[in-house]
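Each chain, letter by letter, is given below.
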Amino acid sequence: WLGALRFDNLALRSLPVDASEDAGPRTVAGACFSRVRPSPLQNPRLVAMSLPALALLGLEAPAADREAAEAEAALYFSGNQLLAGSEPAAHCYCGHQFGSFAGQLGDGAAMYLGEVLGPRGERWEIQLKGAGLTPFSRQADGRKVLRSSIREFLCSEAMFHLGIPTTRAGTCVTSDSKVVRDIFYDGNPKNERCTVVLRIASTFLRFGSFEIFKPPDEYTGRKGPSVNRNDIRIQMLDYVISTFYPEIQEAYSDNSVQRNAAFFKEITKRTARLVAEWQCVGFCHGVLNTDNMSIVGLTIDYGPFGFMDRYDPEHICNGSDNTGRYAYNKQPEVCRWNLGKLAEALVPELPLEISELILEEEYDAEFEKHYLQKMRKKLGLIQLELEEDSKLVSELLETMHLTGGDFTNIFYLLSSFSVDSDASNLEDFLEDLTSQCASVEELKVAFKPQMDPRQLSMMLMLAQSNPQLFALMGTKANINKELERIEQSSKLQQLTAADLLSRNKRHWKEWLEKYRVRLQKEIESVSDANAWKTDRVKVMNSNNPKYILRNYIAQNAIEAAENGDFSEVRNVLKLLENPFQEAERFQEEYEEAEEEGATAAAAACAQETRSRLPYCSKPPLWASELCVT
């Protein structure tokens, strides 16, 4: 089945490859890649495969013996056997992690296998993530485990089907090989199954790829492994622009500074549009370091990501992001900061005064334009573009925040709001909306104080007695947030469910009246109101997903898979391939699969207690305890 794959490994021909083949952790100077070998796994077996992703490589669904095809995929995409034409290598890059330069990082667990030519002549780099040690593994083992691999596999495909630029995932293969992981860094390690994901993209080069030339950092003292190798920087720019931005190469072939400026302008705009797309579906990346930013504007490296449930602009999806650097509302500015670091890494081939001006002129304008265009579609504002639309969006989000509204489900419901609703219909609609708002119990969990009262008391005393030291510790924002939690928690003790419902209905009624007025302007601008209504619903339903990869859905699939049942991973994958559609047919298939005994007995308990909710439900209360680091 896999014999049809045709390799043409342009990156290894175009960029310097390390002469040493020592697999141990080391500094790799003067090279972009190091040759490596995947480490075999015991008894590899397929968890799931994405046929739409594999079709990019020219692989069609196995016509006859699916079982044999799955075994073949497990053998080759675990790294246990190499495909003819593949040349495994690990990529060298650096990065600013949580704002500080970390020096050499590189593919510590991922391996480039090569570039496959697709059926229409396009080129796809394929990677194995979790295939073993590389020179960049540092103190780690080069392995990934089942839970993180399932999350990356499912989210890569979910993002694609949401229409968001992303790397893809072709297969997820697990094994009987085990590694020890301390999931929450709390001294409770456990054995977990080694698992490998086949990743697919035009390239996995990133901003950090250009940081290998960085001289010693003034704050950390760390430096890139290839300082003073401007010749390699030129090679990389030539390769990236001619391969992935050929129209720019063609337009500026005789002026490298203009060419590099056009490239930087394009990646600036792509990144701005990408983050706007994230914000519009409530996606939080979690680790927006410069080494996790794609040089072609894709969502890359799915780690502690999360789709926001209850709308909170300060939502932090990564349990180890203690300062909230990568919170939902910080993503646009962090990506701009990262582009600034890319600009620094391109000097002298692109002077900083040119790139900084591009960043200043292009990034915010492109982000705001794309964000508002997308939000208009989500609200069904398809006819007019009015200045007031930005305020309407802000007020919607503020209402969501005040009522603890579920970001995805509130947007999905809005397509059923009618301009000419009578009082009775409006009341029914308000019932639907408020059912997607946080309950008193959910709010109590959300605003539960997190600090030890004695610790908080000491910090407040320090703020009074030594404000300079308190400022240096950088905990003011955390303390303010804790004080807000205590205040909210106290108010919630007196709040009844009836009072909350009444308050929420009032907030939504106020916003819906503004929305109705804006929709009325749309109707007045068209000749056929019925055709407009049909188009509005169609546009809204193709921009507001019904299904996203919520943490609790991923967790259910992970728990079943850890008990040997992969059917839930496959069910969720199928569901996420059609995120905008009512999944009636899927539900029937799911029930049939259960009747056929596809749900393993070992997973029955977890599934019984946790899977009864429809996949479009806002999360159950237990989901608030999930922590992804």
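Residues numbered from 1 in each chain as written. Predicted model: local features only at pLDDT ≥ 70, side-chain atom pairs only at ≥ 80, totals over all residues. Heavy atoms only, no water.

A.B. asks: Is there a simple way to think about the domain arrangement of the protein in this case?
C.D. replies: For an interface, size is often stated in terms of accessible area lost upon the parts coming together. Taken domain by domain, the protein consists of domain 1 (10-229), domain 2 (256-376) and domain 3 (391-525). For domain 2 and domain 3, the distance between their C-alpha centres works out to 26 Å. Counting residues at the interface gives 16 residues for domain 2, matched by 15 residues for domain 3. On the domain 2 side of the interface with domain 3, the three residues burying the most area are Arg310, Tyr311 and Met375, jointly 51% of the side's total. Salt-bridge contacts for Lys481 lead to Glu314; the nearest nitrogen and oxygen are separated by 3.3 Å. In this assembly, domain 2 and domain 3 are joined by three residue pairs in polar contact (both at pLDDT 80 or more). (Domains from an automatic or database assignment. Contact = heavy atoms within 4.5 Å. Buried area = accessible area lost by both parts, 1.4 Å probe. Salt bridge = Lys/Arg side-chain N within 4 Å of Asp/Glu carboxyl O. Polar contact = N/O pair within 3.5 Å; in protein donor to acceptor, adjacent residues only side chain to side chain.)

A.B. asks: Is there a simple way to explain helix 20 (residues 567-576) in this structure?
C.D. replies: Because the α-helix completes a turn every 3.6 residues, residues three or four places apart line up on one side. Most of helix 20 sits inside the fold, with eight of its 10 residues counted as buried. Residues of helix 20 that are buried include every one of Ser567, Glu568, Val569, Asn571, Val572, Leu573, Leu575 and Leu576, and no others. (Buried < 20%, exposed > 50% of the residue type's maximum accessible area, 1.4 Å probe, protein only. Helix = DSSP H or I, 4+ residues; strand = E, 2+ residues; numbered from the N terminus.)

A.B. asks: Would you mind showing me how to read the packing of aromatic side chains here?
C.D. replies: Geometrically, a pair of aromatic rings is defined through the distance of the ring centres and the angle of the planes. A full pass over the atoms with the stated rule returns 18 aromatic pairs. Between the aromatic rings of Tyr245 and Phe263, the centroid separation amounts to 5.2 Å while the plane-to-plane angle is 75°, which identifies the pairing as edge-to-face. In this pair, Tyr245 is assigned in the loop between helix 5 (230-244) and helix 6 (246-251) and Phe263 in helix 7 (residues 256-281), connecting sequence segments 18 residues apart. Both rings, one in Phe417 and one in Phe429, keep their centres 5.3 Å apart while their planes meet at 45°; by these two values the pair is tilted. Here Phe417 is found in the loop between helix 11 (407-414) and helix 12 (423-434), whereas its partner Phe429 is found in helix 12, with 12 residues between them in sequence. Like Phe429, Phe417 is buried. Within the aromatic cluster, the residues linked to one another by ring pairs are Trp278, Phe283, Tyr302, Phe305 and Phe307. For the cation-ring pair, Arg310 lies above Phe447, with the distance from its terminal atom to the ring centre recorded as 5.8 Å. Sitting above the plane of the Phe411 ring, Lys378 keeps its charged end 4.4 Å from the centroid. (Phe/Tyr/Trp six-rings, centres within 6.5 Å; stacked < 30°, edge-to-face > 60°. Lys NZ or Arg CZ within 6 Å of the ring centre and 35° of its normal.)

A.B. asks: Mind showing me how you'd approach the environment of Glu72 here?
C.D. replies: Inspection of the secondary structure puts Glu72 in helix 3 (residues 66-76). Among residues more than four places away in sequence, those in contact with Glu72 are Trp1, Leu2 and Gly3.

A.B. asks: Can you walk me through the nonpolar core in this structure?
C.D. replies: Soluble, globular proteins show a tendency: their nonpolar side chains are buried together. By size, the foremost hydrophobic cluster in this structure holds 162 residues, and its most contacted members are Phe264, Leu379, Leu414, Tyr515 and Leu549. Here this core takes 12 residues from helix 7, the largest share from any one element. Not counting residues up to four positions away in its chain, the partners in contact with Tyr515 are Leu379, Leu381, Leu392, Leu414, Phe417, Arg536 and Met540. Judged by nonpolar contacts, the second largest core, of seven residues, contains Ala438, Val440, Phe447 and Leu495. (Core = buried A, V, L, I, M, F, W, Y, C linked by side-chain atoms within 4.5 Å.)

A.B. asks: Quick question: what am I supposed to make of the packing of helix 7 against helix 8 (residues 331-345) here?
C.D. replies: Relative placement of two packed helices is described by the angle separating their axes and the distance separating the axes. Where helix 7 contacts helix 8, the axes come no closer than 10 Å and their chain directions differ by 160°. The orientation of helix 7 with respect to helix 8, classified from their angle, is roughly antiparallel. The way helix 7 lies across helix 8 gives a crossing that is right-handed. Judged by residue contacts, Phe264, Ile267, Thr268, Thr271, Val275, Trp278 and Gln279 of helix 7 engage Gln331, Pro332, Cys335, Leu339, Leu342 and Ala343 from helix 8. Counted by class, the contact of helix 7 with helix 8 contains nine nonpolar, four polar and no charged residues. (Axes fitted to C-alpha atoms, helices over the stretch in contact; angles between N-to-C directions. Parallel < 35°, antiparallel > 145°, perpendicular 65-115°, else oblique. Left-handed = near helix turned anticlockwise from the far one by under 90°. Nonpolar A, V, L, I, M, F, W, Y, C, P; charged D, E, K, R; others polar.)

A.B. asks: Hey, could you run me through the pairing of strand 7 (residues 123-129) in this one?
C.D. replies: The side chains of a regular strand alternate, first on one face of the sheet and then on the other. Of all seven residues that make up strand 7, six are buried, and the element is covered over most of its length. Pairing of strand 6 (residues 110-117) with strand 7 involves seven bridges; the strand directions are antiparallel. Counted as the bridge partner of Leu117 is Arg123 from strand 7. Counting the residues that bridge the hairpin from strand 6 to strand 7 gives five residues, and of these Gly121 lies at a positive phi of roughly 85°. Of the pairings in the sheet, the one linking strand 7 to strand 10 (residues 190-201) comprises five bridges and is antiparallel in character. Paired with Lys129 across the two strands is Val197, which belongs to strand 10. (Pairing = 2+ DSSP bridges.)

A.B. asks: Is there a simple way to explain the pattern of salt bridges in this structure?
C.D. replies: In a structure, side chains of opposite charge can pair up when their charged atoms sit close to one another. Tallying each qualifying case throughout the model produces 48 salt bridges. Measuring nitrogen to oxygen at the nearest pair gives 2.9 Å for the salt bridge that ties Asp141 to Arg181. Taken together, the positions of Asp141 in the loop between strand 7 and strand 8 (144-145) and Arg181 in strand 9 (residues 168-181) put the pair 40 residues apart, joining distant regions of the chain. Exposure remark for Asp141: the relative accessible area of 29% places this residue in the partly exposed category. The partner of Glu427 in a salt bridge is Lys505, with the nearest N and O atoms 2.7 Å apart. Residue Glu427 is found in helix 12, and its partner Lys505 is found in helix 17 (residues 497-524); the two are separated by 78 residues along the sequence. Each member of the salt-bridge network shares a partner with another, and the members are Lys129, Glu152, Arg199, Arg206 and Asp301.

A.B. asks: What's the story with the packing of helix 9 (residues 352-379) against helix 10 (residues 389-403) in this structure? I'm lost.
C.D. replies: Two elements in contact, helix 9 and helix 10, have axes separated by 10 Å at closest approach and are oriented at 70°. Looking at the two axes, helix 9 sits roughly perpendicular to helix 10. Between helix 9 and helix 10 lies a crossing whose hand is left-handed. Residues Tyr371, Leu372, Met375, Arg376 and Leu379 of helix 9 form the contact with helix 10, whose own contacting residues are Asp389, Ser390, Leu392, Val393, Leu396 and Leu397. Considered class by class, the residues forming the contact of helix 9 with helix 10 number eight nonpolar, one polar and two charged.

A.B. asks: Quick question: what am I supposed to make of a nonpolar patch on the surface here?
C.D. replies: Side chains of Leu460, Leu483 and Ile486 sit close together on the surface and give an oily, nonpolar patch of about 210 Å² of accessible area. Here Ile486 is to be found in helix 16 (residues 476-494). (Patch = residues over 30% accessible without salt bridge, like charges linked within 9 Å, V, L, I, M, F, W, Y side chains within 5 Å. Areas by Shrake-Rupley, 256 points an atom, 1.4 Å probe, with all protein chains shown as cover.)

A.B. asks: Honestly, the pairing of strand 10 in this entry has me stumped. Any pointers?
C.D. replies: Burial of strand 10 is extensive: nine of the 12 residues sit out of reach of the surface. Sheet analysis places strand 8 next to strand 10, joined by two bridges and oriented antiparallel. In the sheet register, Val145 faces strand 10, and the bridge partner there is Cys194. For strand 9 and strand 10, the ladder comprises 10 bridges, and the chain directions are antiparallel. Paired with Arg181 across the bridge in strand 10 is Lys190.

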